[in-house]
Amino acid sequence: MPGPGPDHGRLARFVGAWSGEERLSPSPWGPGGCASGRFEFRVGVDGMALLQDYEEEKDGRVAFRGHGVFIVDPLTQGIAWWWFDSLGFAPEPPARGRWDGDILRMEKHTPRGAARYTFALGDDAFVFRIENRFAGQDDYVEFMRGDYRRLR
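To keep things clear, this report deals only with the structure shown in the data block.

What counts as what
Residues numbered from 1 in each chain as written. Predicted model: local features only at pLDDT ≥ 70, side-chain atom pairs only at ≥ 80, totals over all residues. Heavy atoms only, no water. Salt bridge = Lys/Arg side-chain N within 4 Å of Asp/Glu carboxyl O. Helix = DSSP H or I, 4+ residues; strand = E, 2+ residues; numbered from the N terminus. Buried < 20%, exposed > 50% of the residue type's maximum accessible area, 1.4 Å probe, protein only. Lys, Arg positive; Asp, Glu negative; His and termini not counted. Polar contact = N/O pair within 3.5 Å; in protein donor to acceptor, adjacent residues only side chain to side chain. Contact = heavy atoms within 4.5 Å. Phe/Tyr/Trp six-rings, centres within 6.5 Å; stacked < 30°, edge-to-face > 60°. Lys NZ or Arg CZ within 6 Å of the ring centre and 35° of its normal. Pairing = 2+ DSSP bridges.

1. Let's talk about the pattern of salt bridges
Scanning the model with the defined rule gives 14 salt bridges in all. When the shortest N-O distance is used, the salt bridge between Asp102 and Arg13 registers 2.9 Å. Pair noted here: Asp102 is in the loop between β6 (95–100) and β7 (103–110) and Arg13 is in the loop between α1 (6–12) and β1 (16–24), with a separation of 89 residues, a long-range link. Classification of Arg13 as partly exposed rests on a relative accessible area of 30%. In this structure, Glu40 and Arg152 form a salt bridge, with 3.0 Å as the shortest nitrogen-oxygen distance. Residue Glu40 is located in strand β2 (residues 33–44), and its partner Arg152 is located in the segment after β10 (141–150); the two are separated by 112 residues in the primary sequence. Salt bridges sharing partners connect three or more residues here, namely Arg38, Glu55, Glu57 and Arg65.

Structure follows, in structure tokens:
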């Protein structure tokens, strides 16, 4: 993934297909439970973005889809991530964050609440966690954890 700075190279480590098991907590969007997730990451926009497609399967059918766009912000050198999904909320503002070794930590604040996203990247595996803090809550609560393996 060409571009300025080392963070473009780190993002390129995600390129490929991934699959894994997920655990979801009850939330305003559903009862929680176990699911399977699939990611496909590819480079786009002349090497300036990492594009992400996602499907979550529960009970033998696709229950949720999403599309993400990651860039290295040229002003801050931090990572910005826009997420579009089948729930339909507008992705403004993007989640923002930085690498901490092999862990990409992102955070986002909206009128619905706040979220923290963690991508812990290994050689052929990564763990993705979402923690939410909704209005009226004092602390973040884990909403989702997925453990993924590289397929290709």
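2. As for the side chain of Glu56
With respect to the helices and strands, Glu56 occurs in strand β3 (residues 49–58). For the buried residue Glu56, which engages in no salt bridge, the nearest side chain bearing the opposite charge is Lys58, 5.6 Å off. Within polar-contact distance, the side chain of Glu56 engages the side chain of Tyr54 at 3.3 Å. Beyond its immediate chain neighbours, meaning those up to four positions away, Glu56 contacts Glu22, Leu24, Ala35, Ser36, Gly37, Arg61, Val62, Ala63 and Phe64.

3. Section: the packing of aromatic side chains
Evaluation of the coordinates by the stated rule reveals 23 aromatic pairs. Centroid distance Trp81 to Tyr117: 5.0 Å. Interplanar angle 85 degrees. Geometry classified as edge-to-face. Taken together, the positions of Trp81 in strand β5 (residues 79–85) and Tyr117 in strand β8 (residues 113–121) put the pair 36 residues apart, joining distant regions of the chain. Measuring from ring centre to ring centre gives 6.5 Å for Tyr117 and Phe128, while their planes differ by 5 degrees; the resulting arrangement is stacked. Of the two residues, Tyr117 is situated in strand β8 and Phe128 in strand β9 (residues 125–134); the sequence distance between them amounts to 11 residues. Taken as a pair, Tyr117 and Phe128 share a single burial class, namely buried. The ring centre of Phe89 lies 3.8 Å from the NZ or CZ of Arg112, which sits over that ring. The ring of Tyr140 has Arg116 lying over it, and the distance from NZ or CZ to the ring centre is 3.7 Å.

4. Re the pairing of β10
Sheet topology places β1 next to β10; 7 bridges connect them, and they run antiparallel. Across the sheet, Leu24 pairs through a bridge with Met144, a residue of β10. In the sheet, β9 pairs with β10 via 8 bridges, with the strands oriented antiparallel. Within β10, the position partnered with Phe126 by the bridge is Tyr148. Between the end of β9 and the start of β10, which pair antiparallel, lie 6 residues, with Gly136 showing a positive phi angle near 90 degrees.

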